[in-house]
Amino acid sequence: MLNGTDLYALDISGASFVKACGGPCTEGCVTLARIGLDAWALGDSKRPGAQPLRFTTEELDAAGIDPARFGLNV
């Protein structure tokens, strides 16, 4: 939870996802979107019907994922 906010309660219908893979994408890719202050959605372009997972900036950082690397402001 992020300051008492349920990340899955955040509306992501207008979120703008970008490709967030580490190399050339030929088959599909992980996608990433900012969905709030210190809140992110991580999707899978190979499974467009699957609900994206939600993470805080701290959680992405712990996993070694830097949104700035993919053109997203942190």
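Just above sits the structure.
Described in the following lines is the structure provided in the data block. (Residues numbered from 1 in each chain as written. Predicted model: local features only at pLDDT ≥ 70, side-chain atom pairs only at ≥ 80, totals over all residues. Heavy atoms only, no water.)

Considerations on the overall build of the chain
- Of the regular secondary structure elements, the chain holds one helix and four strands.
- Ordered by position in the sequence, the α and β elements of the chain form the string β-β-β-β-α.
- Looking at the chain as a whole, 30% of its 74 residues are labelled buried.
- Partitioning the intrachain contacts of the chain with sequence separation of at least 6 by distance along the chain shows that 38% fall at a separation of at least 24. (Helix = DSSP H or I, 4+ residues; strand = E, 2+ residues; numbered from the N terminus. Buried < 20%, exposed > 50% of the residue type's maximum accessible area, 1.4 Å probe, protein only. Contact = heavy atoms within 4.5 Å.)

Details of the nonpolar core
- One finds Ala-20, Leu-32, Trp-40, Leu-42, Leu-60, Phe-70 and Leu-72 forming the largest nonpolar core, which totals seven residues.
- Ranked by size, the runner-up nonpolar core spans five residues in total, among them Ile-12, Ile-35, Ala-39 and Ala-41. (Core = buried A, V, L, I, M, F, W, Y, C linked by side-chain atoms within 4.5 Å.)

Here's the deal with unusual backbone geometry
- The phi dihedral of Asp-38 is positive, around 60°, even though this residue is not glycine.
- Checked against the element boundaries, Asp-38 lands in the loop between β2 (30–36) and β3 (39–44).

Observations regarding the side chain of Arg-54
- Considering the arrangement of structural elements, one finds Arg-54 in strand β4 (residues 53–56).
- An unpaired buried charge is present at Arg-54: no salt bridge exists, and Asp-6, the closest side chain of opposite charge, is 7.1 Å distant.
- Of the polar contacts made by the side chain of Arg-54, one reaches the backbone oxygen of Leu-7; its length is 2.7 Å. (Lys, Arg positive; Asp, Glu negative; His and termini not counted. Salt bridge = Lys/Arg side-chain N within 4 Å of Asp/Glu carboxyl O. Polar contact = N/O pair within 3.5 Å; in protein donor to acceptor, adjacent residues only side chain to side chain.)

Focus: the pairing of β4
- Across the two faces of β4 the burial differs, with Arg-54 and Thr-56 buried and Leu-53 and Phe-55 not buried at all.
- The sheet contact formed by β3 and β4 spans four bridges and is antiparallel. Within the sheet, the bridge partner assigned to Ala-41 lies in β4 and is Arg-54. (Pairing = 2+ DSSP bridges.)

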